[in-house]
Amino acid sequence: MNNYESIILCQPDDRKSCSACCGLFNFTDISRENLSGFLSDGAARSSTFISDDDSTDQGHGRDVRDRTSYICPHQGYIFSRRPGCLLHPLYRGEAMRRDSFFGEKICNGFLCPAHSLLTAVQKKTIIELIHDWYLYSISIIDPESTAWIIELLNSRYYYIFERPGVRKKILEDCLSVHAGRLARCPGPIFYYSLSEFNSAKEKFSLACDTKETIEEKREITAAIEHNL
């Protein structure tokens, strides 16, 4: 594990978290409202799957982006209403992840591409400034776009981004624009391996210049300058 990976992004504090690796962003509709509804139903859904001795799910009846990708039914709101594993021993009081589809070892040891693509400084920036679980998750599932946004703010707009009362809002505004772009993007937007991410990122990453991303960069610039 390198020095960037040593900062774990999954549950960085008691205010937000990301459960994208559990399949949360595999739904076709990745709006806050739809994902919040899925998480809110988590406790009841998880209990049903446990009682039925069923460890598989493909969206619980909802449209998904990739039918070959797993959506864990045992994710929901945990402490402080942030996404998390409803089978985790810190939540359940006992080790139950061994009964999940992937099992305890995989769930406990997996690190998504953001852990190697974001620098330690970039990780610290999003952990410090983003407390909303939804926007925080957006920053994780497409780490190169997050890095591009932070670099833009630190270079071209440093005189705005350095203001204590503006830093949080301006980064949230940029991630909100990107969330809209990801919602409109067809197909998968979260990838489990670095090679898969690199093969697909041209569809949505701000690190690439396409007709769609160039237009989004204009929207992000407008959102930043709105704070002037």
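Refer to the structure presented above.
Residues numbered from 1 in each chain as written. Predicted model: local features only at pLDDT ≥ 70, side-chain atom pairs only at ≥ 80, totals over all residues. Heavy atoms only, no water.

*Asks:* A description of the pattern of salt bridges should follow, citing residues and the corresponding values.
*Replies:* One pass over the structure, following the stated rule, counts 8 salt bridges. Here D13 makes a salt bridge to K16, at a shortest N to O gap of 2.6 Å. No difference in accessibility class separates D13 from K16, as the two residues are buried. With its nearest N and O atoms 3.1 Å apart, the salt bridge here joins E144 to K201. Placement of E144 in helix α8 (residues 143–155) and of K201 in the loop between α11 (194–200) and α12 (211–225) is noted, with a sequence separation of 57 residues between them. Here the two residues E144 and K201 agree in accessibility, since each one is buried. (Salt bridge = Lys/Arg side-chain N within 4 Å of Asp/Glu carboxyl O. Buried < 20%, exposed > 50% of the residue type's maximum accessible area, 1.4 Å probe, protein only. Helix = DSSP H or I, 4+ residues; strand = E, 2+ residues; numbered from the N terminus.)

*Asks:* Got a sec to walk through the layout of surface pockets? Specific residues and values, please.
*Replies:* Roughly 160 Å³ of volume is contained in the second largest pocket. Lining the second largest pocket are A20, G23, F25, N26, D66, S69, P188, I189, F190, Y191, Y192 and E196. Looking at the lining of the second largest pocket residue by residue, the classes come out as 7 nonpolar, 3 polar and 2 charged. (1 Å grid on protein atoms, 1.4 Å probe; cavity = no way out; pocket = protein on both sides within 12 Å on 5 of 7 lines; lining within 4 Å. Points joined across faces, edges and corners; volume = space filled by probe spheres on them. Nonpolar A, V, L, I, M, F, W, Y, C, P; charged D, E, K, R; others polar.)

*Asks:* I'd like a rundown of the packing of α8 against helix α10 (residues 164–184), residues and numbers included.
*Replies:* Running from N to C, α8 and α10 point in directions that differ by 140°, and their axes come no closer than 11 Å. For the element pair α8 / α10, the angle class is oblique. In this structure, α8 meets α10 at a crossing whose hand is right-handed. Contact residues: α8 offers S145, T146, I149, I150 and L153, while α10 offers I170, L171, C174, L175 and H178. By residue class, the composition of the contact of α8 with α10 is 7 nonpolar, 3 polar and no charged. (Axes fitted to C-alpha atoms, helices over the stretch in contact; angles between N-to-C directions. Parallel < 35°, antiparallel > 145°, perpendicular 65-115°, else oblique. Left-handed = near helix turned anticlockwise from the far one by under 90°. Contact = heavy atoms within 4.5 Å.)

*Asks:* Can you lay out the environment of L111 for me, pointing to particular residues and giving the numbers?
*Replies:* Its location among the elements puts L111 in the loop between α4 (104–109) and α5 (114–117). In the structure, L111 is positioned 81 residues away from Y192 in sequence and 8.3 Å away in space, judged by C-alpha atoms.

*Asks:* Go over the packing of aromatic side chains with me, naming the residues and quoting the values.
*Replies:* Tallied over the full model, the rule gives 10 aromatic pairs. Ring pairs connect the aromatic residues F25, Y77, W133 and Y134, which therefore count as one cluster. For R45, the ring lying beneath its charged end belongs to F38, and the centroid distance is 3.6 Å. (Phe/Tyr/Trp six-rings, centres within 6.5 Å; stacked < 30°, edge-to-face > 60°. Lys NZ or Arg CZ within 6 Å of the ring centre and 35° of its normal.)

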